Amino acid sequence: HGPPAVIYFLAVENDKNRYMALSQAYFLLTNCIMTFFRFRSGFLTEFVGWSWLYSSVGVVIGSILGKKLFDSLPTNTIRRVIYIYMIFSGAVIMFK
């Protein structure tokens, strides 16, 4: 569900901040829904909770650094980076 949404959001939004807000809202919503179903299916265990808690430190640090990088790059560069990353990811999956 991620790559088609990213391609669509890039196509309909020219402002990088609005693109980021749109994609973050989409992924927040879909991840909350998936977390609910995982919880209901018994996949959220104490181990998963502790792992989430420990990894959240890295997520916060990465978010802070990523925001600084995001703010420093022009919109066209961000588009290129996203497309290159998606092509690279697709190639890795195809040739794995």
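You'll find the structure just up there.
In every chain, residue numbers begin from 1 and rise along the written sequence. Where totals are concerned, whole chains, interfaces and linings use all residues; where local detail is concerned, this predicted model gives features only for residues with pLDDT of at least 70, and gives and counts side-chain atom pairs only at 80 or more. Values shown for side chains rest on all heavy atoms present in the structure; no hydrogens or waters enter the calculation.

> Looking at this structure, I do not really get the pattern of salt bridges. What am I missing?
If the charged atoms of two oppositely charged side chains come close together, the side chains can form a pair. For this analysis, a salt bridge means a side-chain nitrogen from Lys or Arg found within 4 Å of a carboxyl oxygen belonging to Asp or Glu. Here the structure, examined in full by the defined rule, presents two salt bridges. The partner of arginine 18 in a salt bridge is glutamate 13, with the nearest N and O atoms 3.2 Å apart. When a residue's accessible area, from a 1.4 Å probe over protein chains only, is under 20% of the maximum for its type it is buried; when over 50% it is exposed; and in between it is partly exposed. The exposure class of arginine 18 is exposed, given its relative accessible area of 53%. The exposure class assigned to glutamate 13 is buried, which follows from its relative accessible area of 14%. With its nearest N and O atoms 2.8 Å apart, the salt bridge here joins lysine 67 to aspartate 71. In this pair, lysine 67 and aspartate 71 are both assigned in helix α3 (residues 46-72), four residues apart and thus about one turn of the helix distant. Lysine 67 sits in the partly exposed class, given a relative accessible area of 43%. For aspartate 71, a relative accessible area of 43% translates into the label partly exposed. For helices the rule is a DSSP run of H or I covering at least 4 residues; for strands it is a run of E covering at least 2, with both sets numbered from the N terminus onward.

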